[in-house]
Amino acid sequence: MSSIALESLETGAGTTVEFADVHRVFGSTHALDGLDLKVRPGELLALLGPSGCGKTTALRLLAGFDQPDAGSVLVDGEDVSRLPANKRDMGMVFQSYSLFPTMSAVDNVAFGLRLRGRGAGDRRKRAAELLDLVGLSEHLKKFPHQMSGGQQQRVALARALAISPRVLLLDEPLSALDAKVRAQLRDEIRRIQLELGVTTVFVTHDQEEALSMADRVGVMRDGRLEQCAAPSELYQRPETPFVAEFVGTMNRLPGSMVPGGVRLFTQVVAVDGVVPPAGSDVRALLRPEAVLVEPADGQPGHAMVTTATFFGAVTRLRMTQPDGQEILADVGSHRAADFPAGAQVLISVLDRPVLVRPESESTAATVPGRA
Amino acid sequence: MVALTPTAGAGGLAATQAGGPATSSRRRRRTGIGRGLVLLICGIYFIGPLVGAFWFSIQDKVHGGVQFSAYAHVFSAVGFSDAFMLSLKLGIGTVLISLLLMVPTMLLLHLRAPKFRPVVETLCLMPLVIPPVVLVAGVGVVLAWGPNQLAGTPLQTFLNAIQSGKTPWVLILEYVVLTLPFTYRSLDAGIRSVDIHTLTEAGLNLGAGWGTVTMRILLPSLRTSVLNAAFLSFALVFGEYTVASILQYQPFAVFIVAAGQTEGQLSTSLSLLSLLITWLLLLLISLLGGRNSTKVDI
């Protein structure tokens with residue numbers, strides 16, 4: 001694919017972005033309610049959250065398509081809140097196909113360079129290099145309607161990179177693509193971003209995308225940042241019940257605090273983080289992969305398998321305990337035959353510290369299907 | 001249908017296979033005949049009068065047989081070139097003013113003020129429900145009343161200016177109003193079919209100003225609808241009779257009617273010529289609109 005001298009692209013590696021107490025109100029809706037967020041130089045930060053959480057509003061403020069009602073958007077320390085979009089030097093890839101329909105791929109990519117007064121030969125050379133970078137060197141002359149959705153988004157990425165953006169903005173660029181192309185392009189975007197070192201803000205509602213691509217993921221809810229952390233930390237140590245339930249799938253198992261940890265089934269497991277007083281009732285937050293199951297083999301089981309859903313390498317078991325409490329567990333698909341619907345199972349959990357929440361703490365989040 | 005379900009036996013499948021092609025062939029034949037009939041009726045309805053008009057225009061009433069003298073005299077008929085040039089001028093003027101007025105308005109409406117769209121749509125469609133004769137009667141009253149009542153004001157100067165000179169601006173301005181529904185509808189349909197919000201933002205994001213976005217991105221993307229609007233406006237103006245006649249101008253349509261009162265065959269041949277010009281315009285627009293790309297010098 002790419003054999004170009006990437007250093008010649010002079011992207012905005014090293015650019016920092018900061019949202020400082022940013023507010024944006026639409027009618028009675030507080031789209032951003034005091035957003036504070038820093039994007040480090042060269043990192044890919046994903047903004048993740050449900051519809052209406054404010055992630056796209058944040059990106060549009062950064063792109064200059066909208067202005068905050070209060071607070072500042074800073075790029076390399078400079079307040080750009082009132083700077084017009086066409087003066088910001090930000091490359092953006094949009095959710096919908098945004099290629100100019102009357103221009104070929106190479107013309108689309110060269111458009112921003114022409115506006116910057118680059119010579120014709122230079123423009124053409126650079127546009128060709130960037131199309132090569134995204135694997136479309138054979139499609140220079142094609143028009144948008146002659147390309148697939150994935151190809152169009154690649155051209156859009158090349159076009160955004162062509163102007164050597166200070167920051168690359170990705171507004172759910174993969175959401176209109178089919179699963180296979182999405183996975184392919186996801187890897188390519190990450191590869192290119194790492195190679196160029198361009199500071200990138202990526203908005204998505206797809207947690208798999210966010211967790212697999214980003215250096216850090218900022219989970220948003222109701223215009224605020226709930227938590228911003230590395231994917232593994234976000235997954236392993238969610239700071240709020242919302243993050244716990246929104247990112248991945250989480251069991252909330254009832255347990256009681258005892259000296260040394262929390263009692264779950266027949267085990268006592270150490271607690272991660274703040275330890276509630278002994279005797280208090282809690283909910284232990286456990287990922288399905290931390291729940292271990294064995295066939296009961298005639299013994300009284302802890303739960304009964306109700307459904308088994310095949311996900312490829314793993315199969316997710318949905319089980320019901322005698323008190324009606326549901327619990328999810330992932331088992332290797334090679335073992336799935338041991339757990340038919342109606343089978344009694346014995347449950348244990350991985351022997352490692354678990355997060356617990358007071359029983360009284362409620363969550364407003366809706367648990368998505370699967371991580 | 002039954003034969004396609006897993007429960008159907010082989011017999012059922014065979015029966016369907018035996019009867020299926022015959023049934024579907026009969027159905028296809030019936031559909032084909034139906035289509036042909038509809039096409040024939042439409043063809044007679046649309047082409048019949050044209051063939052009749054053409055036949056009338058080439059008949060030699062004196063000696064019998066056919067002759068093409070009406071067509072030979074078209075271009076030398078007294079007043080033909082003046083009327084034709086006037087219509088051409090009116091058409092081009094109307095198209096230019098309509099587009100200059102409506103393209104930016106429609107873009108602004110869609111990009112910046114969508115809540116005003118219903119208001120503008122209603123206003124633009126008004127000429128469809130107000131007969132031209134009513135419109136021109138109102139304009140006539142103002143033109144007659146204005147110069148006296150507004151004496152010494154810039155408005156009087158304006159009213160005089162649009163009626164005097166070689167170009168009848170009053171007609172062009174009235175035609176701009178009359179063509180508003182067609183211009184609005186064509187542009188609106190075009191804008192709705194293109195995601196102009198994203199294209200605009202993409203252009204701005206790459207560093208383009210509003211002018212560049214409009215001229216280099218939006219207008220080329222809306223080329224077909226702009227051409228359609230231009231064609232509809234031009235065709236309407238080229239064939240418009242009522243307003244021009246009442247305001248006592250003699251563009252092509254008025255000339256045809258006047259010629260028809262003395263020379264029926266000449267009038268008919270002029271009408272056919274007018275249709276031919278319209279068709280040629282339509283063909284031109286189809287050719288231009290059909291090109292799916294523009295050459296952009298990068």
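Fair warning: this is a prediction, and the values are worked out from it, not measured in the lab.

Analysis parameters
- Residues numbered from 1 in each chain as written.
- Chains lettered and ligands numbered in written order.
- Predicted model: local features only at pLDDT ≥ 70, side-chain atom pairs only at ≥ 80, totals over all residues.
- Heavy atoms only, no water.
- Buried < 20%, exposed > 50% of the residue type's maximum accessible area, 1.4 Å probe, protein only.
- Helix = DSSP H or I, 4+ residues; strand = E, 2+ residues; numbered from the N terminus.
- Core = buried A, V, L, I, M, F, W, Y, C linked by side-chain atoms within 4.5 Å.
- Contact = heavy atoms within 4.5 Å.
- Pairing = 2+ DSSP bridges.
- Domains from an automatic or database assignment.
- Buried area = accessible area lost by both parts, 1.4 Å probe.
- Axes fitted to C-alpha atoms, helices over the stretch in contact; angles between N-to-C directions.
- Patch = residues over 30% accessible without salt bridge, like charges linked within 9 Å, V, L, I, M, F, W, Y side chains within 5 Å.
- Areas by Shrake-Rupley, 256 points an atom, 1.4 Å probe, with all protein chains shown as cover.
- Salt bridge = Lys/Arg side-chain N within 4 Å of Asp/Glu carboxyl O.

K.L.:
Even after reading the chapter, I still don't get unusual backbone geometry, so can you show me in this structure?
P.N.:
Note on backbone geometry: most residues besides glycine have negative phi, and most peptide bonds are trans. Residue and element names in this part refer to chain A. Even without a glycine there, the phi angle at Asp76 is positive, about 50°. Assessed through its relative accessible area of 41%, Asp76 is described here as partly exposed. Its identity is not glycine, yet Asp89 carries a phi of approximately 60°, on the positive side. Assignment of secondary structure puts Asp89 in the loop between strand E5 (78-79) and strand E6 (90-93). For Asp89, a relative accessible area of 31% corresponds to the partly exposed category.

K.L.:
Can you help me understand the nonpolar core in this one?
P.N.:
For soluble globular proteins, the rule of thumb is that nonpolar side chains tend to be buried together. In this structure, Phe19(A), Leu62(A), Leu169(A), Phe80(B) and Leu270(B) are the most contacted members of the largest nonpolar core, which totals 75 residues. For this core, the element with the highest residue contribution is helix H3 (residues 80-111) of chain B, accounting for 11 residues. Discounting chain neighbours no more than four positions away, the residues touching Leu169(A) are Leu59(A), Leu62(A), Ala63(A), Met90(A), Gly91(A), Met92(A), Val93(A) and Val201(A). One finds Leu136(A), Ala162(A), Leu177(A) and Met213(A) within the second-largest nonpolar core, a separate group that totals 46 residues.

K.L.:
Explanation requested: the pairing of strand E3 (residues 44-48) of chain A in the structure shown.
P.N.:
Successive residues of a regular strand alternate their side chains across the two faces of the sheet. Residues and elements named next belong to chain A. For E3, the buried fraction is high: 5 of the 5 residues fall into the buried class. The alternating pattern of E3 places Leu44, Ala46 and Leu48 and Leu45 and Leu47 on opposite faces, both of which are buried. Across 5 bridges, the pairing between E3 and strand E8 (residues 199-204) is parallel. In the strand pairing of E8, Ala46 is matched with Phe202. Bridge count for E3 against strand E9 (residues 216-221) is 4 bridges, and the pairing is parallel. By the bridge assignment, Ala46 is partnered in E9 with Val217.

K.L.:
Explain the domain arrangement of chain B here, please?
P.N.:
A common measure of how large an interface is: the accessible area buried when the components associate. All names here are of chain B. Split into domains, chain B comes out as domain 1 (2-67) and domain 2 (78-290). Spacing between the C-alpha centres of domain 1 and domain 2 amounts to 39 Å. Contacts between domain 1 and domain 2 engage 8 residues on the former and 7 residues on the latter. Both faces considered, domain 1 and domain 2 share a buried interface measuring about 560 Å² in area, 73% of it formed by carbon and sulfur atoms.

K.L.:
Any chance you could explain the sheet that holds strand E1 (residues 17-26) of chain A here in plain terms?
P.N.:
Paired through their backbone hydrogen bonds, the strands of a sheet run either parallel or antiparallel. Residue and element names in this part refer to chain A. Strands sit in the order E2-E1-E4-E5 across an open sheet of 4 strands; the sheet is antiparallel. In this open sheet, the two strands that pair with only one neighbour each are strand E2 (29-39) and E5. Direction of pairing for strand E4 (residues 70-75) relative to E5: antiparallel, over a ladder of 2 bridges. Following the sheet pairing, Leu74 is matched in E5 by Asp79. Packed onto the sheet, helix H1 (residues 55-63) meets E1, E2 and E4 and runs at close to 115° relative to E1.

K.L.:
I'm lost on a nonpolar patch on the surface in this one. Help?
P.N.:
Residue and element names in this part refer to chain B. Together, Phe116, Val119, Leu123, Met126, Leu128 and Val129 give the surface a local cluster of nonpolar side chains, amounting to about 600 Å² of exposed area. As for its position among the elements, Val129 is in helix H4 (residues 117-129). A residue is classified by how much of its surface remains accessible, and Val129, at 63% relative accessible area, is exposed.

K.L.:
Help me understand helix H2 (residues 105-115) of chain A, please; the structure alone is not making it clear to me.
P.N.:
Each turn of an α-helix holds 3.6 residues, which means side chains three or four residues apart point in the same direction. Judged by how many residues are buried, H2(A) sits mostly within the fold: 9 of 11 residues are covered. Within the sequence span of H2(A), burial applies to Ala105(A), Val106(A), Asp107(A), Asn108(A), Val109(A), Ala110(A), Phe111(A), Gly112(A) and Leu113(A). Where H2(A) is buried, its residues meet helix H3 (120-133) and helix H4 (149-162) of chain A together with helix H9 (210-221) of chain B. Following H2(A) by one or two positions, Gly117(A) has its phi on the positive side, about 75°.

K.L.:
Sorry if this is basic, but what is going on with the domain arrangement of chain A here?
P.N.:
Residue and element names in this part refer to chain A. With domains assigned, chain A is organised as domain 1 (6-242) and domain 2 (249-358). Taken together, the contacts link 7 residues of domain 1 with 7 residues of domain 2. Both sides of the domain 1 and domain 2 interface together cover about 650 Å² of buried area, and 41% of this is carbon and sulfur. Sorting the residues of domain 1 by area buried against domain 2 places Tyr235, Arg237 and Pro238 first, and these three jointly supply 68% of that buried surface. Across the domain 1-domain 2 interface, the total number found is 1 salt bridge. Taking the shortest distance from any N to any O, the salt bridge between Asp272 and Arg237 comes out at 2.5 Å.

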